[in-house]
Amino acid sequence: MAVLLGPAGCSSTGPSAATPATAPDGTLRIEVGYAGGAVAGGVVRYAVPVGSTVELVVASDVADEVHLHGYDRSSFVTAGASTAIRLDADLPGVFEVELEQRGVPLAELQVG
Ligand SMILES: [Cu+2]
(Lines give C-alpha, C1' and ligand atoms only; values in the text may rest on other atoms or scores of the structure.)
Protein backbone atom coordinates (compact mmCIF):
# COMPACT_ATOMS: atom_id res chain seq x y z
CA MET A 1 0.00 0.00 0.00
CA ALA A 2 1.42 3.32 -1.04
CA VAL A 3 1.52 6.25 1.31
CA LEU A 4 1.42 9.59 -0.40
CA LEU A 5 3.00 12.49 1.39
CA GLY A 6 2.20 16.06 0.50
CA PRO A 7 4.91 18.64 0.03
CA ALA A 8 6.49 19.53 3.33
CA GLY A 9 6.41 23.00 4.70
CA CYS A 10 3.85 24.41 2.32
CA SER A 11 0.99 26.42 3.70
CA SER A 12 -1.37 29.00 2.32
CA THR A 13 0.28 31.70 4.37
CA GLY A 14 3.74 30.99 2.98
CA PRO A 15 6.97 31.02 4.92
CA SER A 16 7.16 33.22 7.97
CA ALA A 17 9.14 36.38 7.45
CA ALA A 18 11.75 37.99 9.64
CA THR A 19 11.73 41.63 10.60
CA PRO A 20 14.96 43.50 9.93
CA ALA A 21 16.67 45.57 12.58
CA THR A 22 15.82 49.27 12.67
CA ALA A 23 18.75 51.67 12.61
CA PRO A 24 18.60 54.91 14.64
CA ASP A 25 17.69 56.87 11.49
CA GLY A 26 14.74 54.55 10.81
CA THR A 27 16.43 52.59 8.06
CA LEU A 28 15.60 48.90 8.07
CA ARG A 29 18.88 47.08 7.93
CA ILE A 30 19.17 43.58 6.52
CA GLU A 31 22.50 41.85 6.97
CA VAL A 32 23.37 38.71 5.07
CA GLY A 33 26.59 36.75 5.33
CA TYR A 34 27.82 34.33 2.70
CA ALA A 35 30.78 32.14 3.63
CA GLY A 36 31.99 28.65 2.87
CA GLY A 37 29.44 28.27 0.09
CA ALA A 38 26.40 28.93 2.23
CA VAL A 39 24.31 31.72 3.68
CA ALA A 40 24.84 32.08 7.42
CA GLY A 41 21.59 31.11 9.10
CA GLY A 42 20.02 30.01 5.82
CA VAL A 43 17.98 31.95 3.30
CA VAL A 44 15.56 34.16 5.20
CA ARG A 45 12.61 36.16 3.96
CA TYR A 46 12.62 39.68 5.39
CA ALA A 47 9.39 41.63 5.56
CA VAL A 48 9.39 45.41 5.29
CA PRO A 49 6.51 47.86 4.89
CA VAL A 50 5.93 49.69 1.63
CA GLY A 51 7.61 53.08 1.77
CA SER A 52 10.37 52.08 4.15
CA THR A 53 14.02 52.74 3.52
CA VAL A 54 16.00 49.53 3.40
CA GLU A 55 19.71 48.97 3.57
CA LEU A 56 20.75 45.54 2.39
CA VAL A 57 24.26 44.67 3.53
CA VAL A 58 25.91 41.56 2.17
CA ALA A 59 29.22 40.25 3.43
CA SER A 60 30.85 37.57 1.29
CA ASP A 61 34.01 35.50 1.29
CA VAL A 62 33.91 35.35 -2.50
CA ALA A 63 33.84 38.05 -5.14
CA ASP A 64 30.49 38.27 -6.92
CA GLU A 65 27.64 40.62 -7.68
CA VAL A 66 24.72 41.07 -5.31
CA HIS A 67 21.49 41.45 -7.27
CA LEU A 68 18.13 42.46 -5.87
CA HIS A 69 15.49 41.34 -8.33
CA GLY A 70 12.40 43.43 -9.02
CA TYR A 71 14.14 46.63 -8.06
CA ASP A 72 16.95 45.47 -10.32
CA ARG A 73 19.65 46.87 -8.11
CA SER A 74 23.07 45.35 -7.98
CA SER A 75 26.39 45.95 -6.36
CA PHE A 76 29.72 44.18 -6.61
CA VAL A 77 31.32 42.67 -3.56
CA THR A 78 34.96 41.68 -3.29
CA ALA A 79 36.12 38.60 -1.42
CA GLY A 80 36.19 39.13 2.32
CA ALA A 81 34.35 42.43 2.12
CA SER A 82 30.78 43.65 2.21
CA THR A 83 28.60 45.80 0.04
CA ALA A 84 25.41 47.72 0.69
CA ILE A 85 22.37 48.46 -1.44
CA ARG A 86 20.12 51.20 -0.13
CA LEU A 87 16.64 51.50 -1.55
CA ASP A 88 13.23 53.01 -1.04
CA ALA A 89 10.92 50.02 -0.81
CA ASP A 90 8.10 51.45 -2.94
CA LEU A 91 7.37 48.37 -5.05
CA PRO A 92 5.31 45.69 -3.27
CA GLY A 93 6.05 42.02 -3.79
CA VAL A 94 8.56 39.33 -2.92
CA PHE A 95 11.96 39.72 -4.47
CA GLU A 96 14.99 37.50 -4.51
CA VAL A 97 18.42 38.67 -3.47
CA GLU A 98 21.04 36.63 -5.23
CA LEU A 99 24.73 36.24 -5.81
CA GLU A 100 24.34 36.88 -9.48
CA GLN A 101 27.35 35.14 -10.99
CA ARG A 102 26.87 31.99 -8.92
CA GLY A 103 23.08 32.07 -9.10
CA VAL A 104 22.93 31.52 -5.34
CA PRO A 105 19.93 32.88 -3.42
CA LEU A 106 20.92 34.98 -0.41
CA ALA A 107 17.62 36.21 0.95
CA GLU A 108 14.13 37.29 -0.01
CA LEU A 109 12.76 40.78 0.42
CA GLN A 110 9.03 40.94 1.04
CA VAL A 111 7.64 44.43 0.58
CA GLY A 112 4.06 45.00 1.63
CU1 LIG B 1 19.85 38.14 -10.25
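Note: the structure precedes this text.
Quantities reported herein were computed from a predicted structural model and do not represent experimental measurements. (Residues numbered from 1 in each chain as written. Predicted model: local features only at pLDDT ≥ 70, side-chain atom pairs only at ≥ 80, totals over all residues. Heavy atoms only, no water.)

With that out of the way, let us pick up the pairing of strand S6 (residues 64–68). Across the five residues of S6, five count as buried, placing the element largely inside the fold. The alternating pattern of S6 places Asp64, Val66 and Leu68 and Glu65 and His67 on opposite faces, both of which are buried. Two elements, S6 and strand S7 (residues 73–77), share five bridges in a ladder whose sense is antiparallel. From the neighbouring strand, valine 66 faces S7, where its bridge partner is serine 75. In this structure, S6 lies alongside strand S9 (residues 93–99), joined through three bridges in antiparallel fashion. Following the sheet pairing, leucine 68 is matched in S9 by valine 97. (Buried < 20%, exposed > 50% of the residue type's maximum accessible area, 1.4 Å probe, protein only. Helix = DSSP H or I, 4+ residues; strand = E, 2+ residues; numbered from the N terminus. Pairing = 2+ DSSP bridges.)

Our next topic: the pattern of salt bridges. A complete count under the given rule lists five salt bridges for this structure. The residue arginine 86 makes a salt bridge to aspartate 25 at a minimum N-O spacing of 3.8 Å. A residue pair is termed long-range when its members are at least 10 positions apart, and arginine 86 in strand S8 (residues 81–89) and aspartate 25 in the loop between strand S1 (21–22) and strand S2 (28–35) qualify at 61 residues. Relative accessible area serves as the criterion here: at 57%, aspartate 25 is assigned to the exposed category. Here aspartate 64 and arginine 102 are joined by a salt bridge, their closest N and O atoms 2.7 Å apart. Here the residue aspartate 64 occupies a position in strand S6, and arginine 102 occupies one in the loop between S9 and strand S10 (104–111), the gap between them amounting to 38 residues. Assessed through its relative accessible area of 2%, aspartate 64 is described here as buried. On the accessibility criterion, arginine 102 (41% relative accessible area) is partly exposed. (Salt bridge = Lys/Arg side-chain N within 4 Å of Asp/Glu carboxyl O.)

To continue, consider the coordination of the copper ion. Protein ligation of the copper ion involves His67 (ND1), His69 (NE2), Glu98 (OE) and Glu100 (OE), the donor distances falling in the range 1.9 to 2.2 Å. If you look at the copper ion, its four donor atoms make angles of 81 to 171 degrees with each other, and the shape they trace is square planar. A relative accessible area of 25% places histidine 69 in the partly exposed class. (Donors = N, O, S within 2.8 Å, 3.2 Å for Na, K, Ca; no water. Tetrahedral: all angles 85-135°; square planar, octahedral: opposite > 155°, others 65-115°.)

Take the nonpolar core next. Val32, Val66 and Leu106 are the most contacted members of the largest nonpolar core, which has 25 residues in total. Among all residues touching leucine 106, those that are not within four sequence positions of it are Val32, Tyr34, Val39, Val43, Val44, Val58, Val66, Val97, Glu98 and Leu99. (Core = buried A, V, L, I, M, F, W, Y, C linked by side-chain atoms within 4.5 Å. Contact = heavy atoms within 4.5 Å.)

Across the sheet, which stays open at both edges, the five strands sit in the order S4-S10-S9-S6-S7 with mixed pairing between neighbours. Pairing within the sheet leaves two strands with one partner each, and these edge strands are strand S4 (44–48) and S7. In this sheet, adjacent strand axes meet at a mean angle of 20 degrees when their direction is disregarded. (Axes fitted to C-alpha atoms, helices over the stretch in contact; angles between N-to-C directions.)

This part takes up unusual backbone geometry. The backbone of aspartate 72 sits at a positive phi, close to 50 degrees, despite the residue not being glycine. Checked against the element boundaries, aspartate 72 lands in the loop between S6 and S7. Its relative accessible area of 57% is what places aspartate 72 among the exposed residues.

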